[in-house]
Amino acid sequence: MGSTLLQKVWDLHDVRRLPTGQTQLFIGLHLVHEVTSPQAFDMLRLRGQHLAFPDRTFATVDHIVPTDGQLRPFADDMAEQMMAALERNCREFGVPLFGLDSDEQGIVHVIGPELGLTQPGMTIACGDSHTSTHGAFGAVAFGIGTSQVRDVLASQCLAMEPLKVRRILVDGRLAPGVYAKDVILAIIRRLGVQGGVGFAYEYAGPVVERMTMDERMTLCNMSIEGGARAGYVNPDDTTFAYLKGRRFAPSGEAFERAVAWWRSMASDADAAYDHEIHLDGDALRPMVTWGINPGQSAAIDERVPGPSDVADGDRAGVADALAYMGLEAGAAVAGTKVDVAFIGSCTNGRLSDLQEAARIVRGRRIARHVRGLVVPGSKRVRDAAEREGLHEVFREAGFEWREAGCSMCLAMNPDRLDGREMCASSSNRNFKGRQGSPTGRTLLMSPAMVAAAAVAGEVTDVRRMLGQGSGS
Ligand code: SF4
């Protein structure tokens with residue numbers, strides 16, 4: 001019987017079995033940012049330790065950076081201190097930093113792949129939950145906490161529980177206006193936000209095989225929102241074509257050798273899985289969350305459920321979600337008024353996301369009452385979008401065009417919701433208060449759906465706007 005990619009990668013990085021039953025796993029790439037690293041570096045300093053593998057460690061700044069101007073010192077003293085600490089730590093410990101003065105700064109999960117640091121067959125760790133993004137390349141990638149950041153800095157290893165593998169096959173073909181974001185929201189809705197606990201998700205099937213790397217990153221990014229410890233797609237020609245020529249990818253003959261090895265890391269045809277499900281890609285429609293976790297979602301033509309529509313154990317959660325969101329059970333999802341539209345984040349802040357959103361807003365204006373932000377995931381994305389004139393498309397439509405950063409994905413920089421504002425967001429979490437206001441509300445959806453909501457001033461079916469713009 002063959003092996004899954006997870007098993008192959010795990011075995012290759014297995015240092016030893018710990019008395020706890022955990023595996024001491026070697027980490028091939030450690031990505032660091034300003035929020036979860038200061039205490040970890042301080043702990044190293046206190047113990048007089050150095051980095052075990054500084055050449056496998058890279059840093060950037062993303063969570064706290066203002067996106068409406070990046071002049072130092074930042075107005076927010078706490079953000080300035082975090083930035084200064086990262087700069088000092090990187091200097092002292094010999095870590096390359098893609099800081100604000102670098103053309104390669106951006107959200108950690110956007111720049112890793114862009115730079116070719118993320119490669120198939122690797123183990124990757126980063127102090128951010130959405131590190132699962134890197135699984136799109138056939139890597140096994142874990143989000144970790146600050147004490148684990150310290151462990152990886154000091155030893156390049158993590159103590160990990162063994163994982164089961166669930167294969168999720170997405171059959172058929174997605175209709176126009178249905179995106180990777182809709183696929184992952186539909187998966188989380190079906191399996192639940194705890195459904196992946198103890199698992200890695202392997203995404204496969206014709207829909208996934210046809211996806212671009214940007215789309216696979218969106219899919220893997222939200223694995224963690226379904227409770228999975230990691231998510232991945234087997235590496236294939238799409239993966240190799242993306243990596244070719246990237247700054248840290250092998251080049252020349254080394255690239256050809258790497259491709260042969262990367263290919264061998266894919267799950268074998270006769271690999272056994274702990275669980276398997278199929279999803280009908282033909283039947284998927286644009287998805288929107290109506291609640292306070294990413295599993296509480298509905299297709300655009302559905303209605304918001306009420307407590308009586310769900311199992312006993314879920315009733316209180318649904319009632320709580322409806323009360324917080326101010327939505328009525330039985331109300332149509334379409335037509336929910338939005339105040340803010342946010343296009344960005346490590347889920348959907350890549351060039352193809354901006355291209356798709358621009359396709360919707362080109363030749364249109366966003367509704368008068370809507371505040372719209374487009375925040376590229378990295379400086380490279382921003383530059384590439386500007387070369388295509390996308391910034392002008394967004395500005396002419398009434399959006400603000402911002403600098404790269406995490407922005408409104410979470411409340412660690414000046415981009416925040418005010419009061420009860422309702423935000424159509426291309427990010428990954430709709431928890432209470434996630435976007436900075438303790439009463440602010442988040443509706444997760446694809447970037448194209450956010451663009452459509454911004455134009456309509458309310459949640460609407462993006463499929464109605466496709467092909468109806470000004471003709472480009
Ligand atoms: S965009 Fe959001 S999820 Fe992604 S790295 Fe930034 S804060 Fe984390």
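In case you missed it, the structure is sitting above this.
Presented here is an overview of the structure given in this document. (Residues numbered from 1 in each chain as written. Predicted model: local features only at pLDDT ≥ 70, side-chain atom pairs only at ≥ 80, totals over all residues. Heavy atoms only, no water.)

## Details of the layout of surface pockets
Turning to step 1, where the next piece is worked out: Here the largest pocket defines a volume of roughly 340 Å³.
Turning to step 2, where the next piece is worked out: In this structure, the largest pocket is lined by 19 residues; those nearest its centre are G295, Q296, V310, D314 and V318.
Turning to step 3, where the next piece is worked out: Of all the secondary-structure elements, those providing two or more residues to the lining of the largest pocket are α6 (180-191), β14 (297-299) and α11 (315-325). (1 Å grid on protein atoms, 1.4 Å probe; cavity = no way out; pocket = protein on both sides within 12 Å on 5 of 7 lines; lining within 4 Å. Points joined across faces, edges and corners; volume = space filled by probe spheres on them. Helix = DSSP H or I, 4+ residues; strand = E, 2+ residues; numbered from the N terminus.)

## Comments concerning the site of the ligand
Turning to step 1, where the next piece is worked out: All residues in the neighbourhood of the ligand are listed as H63, I107, H109, D128, H130, S345, C346, C406, C409, L410, N428 and R434.
Turning to step 2, where the next piece is worked out: Looking at the shell around the ligand, its residues break down into five nonpolar, five polar and two charged. (Near = heavy atom within 4 Å. Nonpolar A, V, L, I, M, F, W, Y, C, P; charged D, E, K, R; others polar.)

## Concerning the pattern of salt bridges
As a working rule, side chains carrying opposite charge can pair if their charged atoms are close by.
Turning to step 1, where the next piece is worked out: A full pass over the atoms with the stated rule returns 25 salt bridges.
Turning to step 2, where the next piece is worked out: Notably, a salt bridge pairs E80 with R72, separated by 2.9 Å at the nearest N-O pair.
Turning to step 3, where the next piece is worked out: The exposure class of E80 is buried, given its relative accessible area of 15%.
Turning to step 4, where the next piece is worked out: Between D301 and R285 there is a salt bridge whose closest N-O contact spans 2.7 Å. Of this pair, D301 sits in the loop between β14 and α11 while R285 sits in the loop between β12 (275-280) and β13 (287-289), and the two are 16 residues apart along the sequence. (Salt bridge = Lys/Arg side-chain N within 4 Å of Asp/Glu carboxyl O. Buried < 20%, exposed > 50% of the residue type's maximum accessible area, 1.4 Å probe, protein only.)

## Some thoughts on the pairing of strand β11 (residues 230-233)
Turning to step 1, where the next piece is worked out: Of the two faces of β11, the one holding A230 and Y232 and the one holding G231 and V233 are both buried throughout.
Turning to step 2, where the next piece is worked out: In this sheet, β11 lies alongside strand β10 (residues 199-204) in parallel orientation, the contact comprising four bridges. For A200, the partnering residue across the bridge sits in β11 and is A230. (Pairing = 2+ DSSP bridges.)

## Looking at the sheet that holds strand β15 (residues 340-343)
Hydrogen bonding along the main chain pairs the strands of a sheet, whether they run parallel or antiparallel.
Turning to step 1, where the next piece is worked out: Spatial strand order, β17-β16-β15-β18-β19: five strands in an open sheet with parallel pairing. Edge strands, defined here as strands with exactly one partner in the open sheet, are β17 (399-401) and β19 (441-444). For this sheet, the mean inter-axis angle between neighbouring strands, taken without regard to orientation, is 20 degrees. (Axes fitted to C-alpha atoms, helices over the stretch in contact; angles between N-to-C directions.)

## Details of the packing of helix α2 (residues 38-47) against helix α3 (residues 77-93)
Turning to step 1, where the next piece is worked out: Between α2 and α3, the shortest axis-to-axis distance is 10 Å and the interhelical angle comes to 40 degrees. The orientation of α2 relative to α3 falls into the category oblique. Classified by chirality, the crossing of α3 by α2 is left-handed. Touching P38, F41, L44 and R45 of α2 are R88, N89, E92 and F93, all from α3.
Turning to step 2, where the next piece is worked out: Residues that form the contact of α2 with α3 fall into these classes: four nonpolar, one polar and three charged. (Parallel < 35°, antiparallel > 145°, perpendicular 65-115°, else oblique. Left-handed = near helix turned anticlockwise from the far one by under 90°. Contact = heavy atoms within 4.5 Å.)

## So, the packing of aromatic side chains
Turning to step 1, where the next piece is worked out: For the structure on display, the rule yields 10 aromatic pairs.
Turning to step 2, where the next piece is worked out: Centroid distance F26 to F53: 5.2 Å. Interplanar angle 85 degrees. Geometry classified as edge-to-face. A residue pair is termed long-range when its members are at least 10 positions apart, and F26 in strand β2 (residues 23-26) and F53 in the loop between α2 and β4 (57-60) qualify at 27 residues.
Turning to step 3, where the next piece is worked out: Ring geometry for F394 versus W401: centroids 6.0 Å apart, planes at 10 degrees, classification stacked. Each member of the pair, F394 together with W401, is buried.
Turning to step 4, where the next piece is worked out: Among the aromatic side chains, those forming a connected cluster through ring pairs are F58, F98 and F248.
Turning to step 5, where the next piece is worked out: Above the face of the F74 ring, R72 is positioned so that its terminal group lies 5.4 Å from the ring centre.
Turning to step 6, where the next piece is worked out: We note R246 situated over the ring of Y242; from NZ or CZ to the ring centre the distance is 3.8 Å. (Phe/Tyr/Trp six-rings, centres within 6.5 Å; stacked < 30°, edge-to-face > 60°. Lys NZ or Arg CZ within 6 Å of the ring centre and 35° of its normal.)

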